[in-house]
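Reading the structure
Listed here are the chains, written in short residue letters.
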Amino acid sequence: MPVNREELGRRLKEAREACGLIQENVGRQFNLSRSTIAQMELGNRAVTSLELDRLAFLYGKDIRDFLSEEVVEGDVMTVLFRAHPELRNDEPMMDALRRNLAIGRELSSLEELLEVERDVLVPAVYPMKAPKTMWEAIQQGTGVASEERRRLDLGDDPIQDIADVMESGGVRTGEVPLSEDISGLTVDGPDVGILVVVNKEHPRIRQRFSFAHEYAHVLLDRDRPTVSRTSEREDLREVRANAFAAAFLMPEEGVRRYVGGFGKGQQSRVTADVYDGEGVLRVQHRTMPGTQDLQIYDLVQLAHHFGVSEIATLYRVRNMKPPLVTEAEFDRLKLIVESGRSREIRSGLGLPEPEEYWRRREFRHRFLALGLEAYRRDRISRSKLIEIARLVDLPTDAIKRLIDDSGVESSRDRDASVSGG
């Protein structure tokens, strides 16, 4: 049974209020008066399909939520604002978030049209009690990072594209402008799936860490939307996520092996017992004083290798068991890093800037490939494919060239070609 005007108006009003918008603001978005929006919500004025589509985008909802006989509860925007109402006032973030939600919905729709098994693309869940102490939070984060690396068969090598790893596991990722205090947020909804966004205004190297941080929330805190703030870094869930990010991006064995390539990272005194059938021969080896000390140029190379900041690398090598730096060495290196000399050292070593070397690949390749396949199978129209491409900033001319260069032809195109021939 179709939804009548009164029910549609009620749903529109609820969606608007959930986003913290007033009728005047919505009217300005559409060049309509406040009274016109009010009449829509009262069911006294018909809503065109174009208006409904734009309203759905504005409210971060699927247009089907307004037309379905069943009321959909718990959409992403409603849940997010219920937990973090202050975000309603951040309009630049809201605009970017709406765009990412729209991409997530379209991707879910394409997967459904192409019968992609979503169960295969759902990240793991690590059922774990909330930590009660800082130490417990660090232990949990580090342990889950090691287990997840094993599960994904990542070995101990650097992760070239953390967002790509997350995308391949069913997590949608994006970059949105957020306030300086917010590094990222994670939400989960029935129509968009699991969505992680990081602060677009932060340096690329920090975004990598933020993606890994939010991935911890995906694995450990999926039952709630999370907003990661610097001001809340002592929250135990945030501590756990930071410990996860450090261990996930810098696996201990990989770090030790790389440092070993500098001829460092060994204990200053090593003892070995050799049994020869008659007795035990004890052999001791002592390195020269100072030869095992990490220097700033070692730290810079290590940070570059794993794609993290020098300060994050420094804390990681101190927190390993046994640590790779003493407290005195940690303090010395920390002063050098905080002085800003790392960039000059990186340049002197011939290492590229992190912003260029660690530039992430957009996930849109999979998004567009699914769109092309759906078009080829006649699941979507050419105009819908063009609309999808615009969501990831691909101009109309570019998507038309992509269609031609790929040799993609829907059956409608083939029928038209035959008829024309």
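Scroll up to find the structure this text is about.
All of the points below concern the structure found in this document. (Residues numbered from 1 in each chain as written. Predicted model: local features only at pLDDT ≥ 70, side-chain atom pairs only at ≥ 80, totals over all residues. Heavy atoms only, no water.)

1. A closer look at the overall build of the protein
For the protein, the helix and strand inventory stands at 21 helices and 6 strands. Out of the 421 residues belonging to the protein, those deemed buried represent 47%. Here the protein displays about 21,800 Å² of accessible surface, and carbon together with sulfur accounts for 50% of that area. (Helix = DSSP H or I, 4+ residues; strand = E, 2+ residues; numbered from the N terminus. Buried < 20%, exposed > 50% of the residue type's maximum accessible area, 1.4 Å probe, protein only. Areas by Shrake-Rupley, 256 points an atom, 1.4 Å probe, with all protein chains shown as cover.)

2. Examining the nonpolar core
Core analysis: the largest hydrophobic core is formed by 49 residues, its most contacted members being Tyr215, Leu219, Phe244, Val255, Ile296 and Val317. Here the element with the most residues in this core is helix α10 (residues 204-220); it accounts for 8 residues. Each residue touching Phe244, except ones within four places of it in the same chain, is listed here: Gly141, Thr142, Val144, Ala145, Glu148, Ala212, Tyr215, Ala216 and Leu219. Ranked by size, the runner-up nonpolar core spans 35 residues in total, among them Leu12, Ala56, Val76 and Leu178. (Core = buried A, V, L, I, M, F, W, Y, C linked by side-chain atoms within 4.5 Å. Contact = heavy atoms within 4.5 Å.)

3. Remarks on the pairing of strand β4 (residues 226-229)
Of the two faces of β4, the one lined by Thr226 and Ser228 and the one lined by Val227 and Arg229 are each fully buried. Summarising the sheet, strand β2 (residues 182-189) and β4 pair through 4 bridges and their orientation is antiparallel. Bridged to Ile182 within β4 is Arg229. (Pairing = 2+ DSSP bridges.)

4. Some details on the sheet that holds strand β1 (residues 171-176)
Reading across from one edge, β1-β3-β2-β4 is the order of the 4 strands in this open sheet, with mixed pairing throughout. Of all the strands in the sheet, just β1 and β4 have a single pairing partner and so form its edges. Strand-to-strand twist across the sheet, computed as the mean angle between neighbouring axes with direction ignored, equals 15 degrees. Taken strand by strand, α10 contacts β1, β2, β3 (193-199) and β4, and its axis lies near 150 degrees from that of β3. (Axes fitted to C-alpha atoms, helices over the stretch in contact; angles between N-to-C directions.)

5. Here's the deal with helix α14 (residues 310-319)
Turning to α14, its buried residues are Glu310, Ala312, Thr313, Leu314, Arg316 and Val317. Those residues of α14 hidden inside the fold are in contact with α10, α11 (236-249), α12 (252-260), α13 (296-306), α15 (327-338) and α16 (342-348).

6. As for the pattern of salt bridges
Within the structure shown, the criterion is met by 30 salt bridges. Note that Arg256 and Glu252 form a salt bridge whose closest N and O atoms lie 3.1 Å from each other. In this pair, Arg256 and Glu252 are both assigned in helix α12, 4 residues apart and thus about one turn of the helix distant. Ionic pairing is found between Lys384 and Glu387, a salt bridge with its closest N-O pair at 3.3 Å. Of this pair, Lys384 and Glu387 are both found in helix α19 (residues 382-391), 3 residues apart, which corresponds to roughly one turn of the helix. Beyond isolated ion pairs, a larger network of salt bridges with shared partners links Glu7, Arg10, Arg11 and Glu14. (Salt bridge = Lys/Arg side-chain N within 4 Å of Asp/Glu carboxyl O.)

7. As for the packing of helix α8 (residues 134-151) against α10
Look at α8 against α10: their axes get within 12 Å of each other, and the N-to-C directions meet at 85 degrees. If you check the angle between α8 and α10, you find them roughly perpendicular. On the side of α8, the interface is formed by Val144, Glu148 and Arg151, while α10 contributes Tyr215, Leu219 and Leu220. Residue composition of the contact of α8 with α10, grouped by class: 4 nonpolar, no polar and 2 charged. (Parallel < 35°, antiparallel > 145°, perpendicular 65-115°, else oblique. Nonpolar A, V, L, I, M, F, W, Y, C, P; charged D, E, K, R; others polar.)

8. Concerning the packing of α14 against α15
Relative to each other, α14 and α15 sit at 175 degrees, their axes nearing to 10 Å. With respect to α15, the axis of α14 lies roughly antiparallel. Each of Glu310, Ile311, Leu314, Tyr315 and Arg318 in α14 lies in contact with α15, whose residues at this interface are Glu327, Phe330, Leu333, Lys334 and Val337. For the contact of α14 with α15, the class distribution of residues is 6 nonpolar, no polar and 4 charged.

9. Brief notes about the side chain of Asp62
Mapped onto the elements of the fold, Asp62 is located in the loop between α4 (49-58) and α5 (63-67). Those residues in contact with Asp62, other than ones at most four positions away along the chain, are Ala56, Arg105 and Asp191.

10. What about unusual backbone geometry?
Of note, the amide linkage connecting Lys321 to Pro322 takes the cis form, showing an omega dihedral of -5 degrees. Non-glycine residue Asp393 carries a positive phi angle of around 65 degrees. As for its position among the elements, Asp393 is in the loop between α19 and α20 (396-406). When its relative accessible area of 57% is taken as the criterion, Asp393 is described as exposed.

11. A few points about the pairing of β2
A large share of β2 lies buried, amounting to 7 of its 8 residues. Of the pairings in the sheet, the one linking β2 to β3 comprises 6 bridges and is antiparallel in character. Bridging across to β3, Gly184 finds its partner in Val198. Adjacent in sequence and paired antiparallel, β2 and β3 are bridged by 3 residues.

12. Brief notes about the environment of Tyr258
Here Tyr258 lies in helix α12. A relative accessible area of 24% means that Tyr258 is categorised as partly exposed. The sequence separation of Tyr258 and Asp298 amounts to 40 residues, and the corresponding C-alpha distance is 9.9 Å. In contact with Tyr258, not counting residues within four places along its chain, are Gln301, Leu302, His305 and Phe306.

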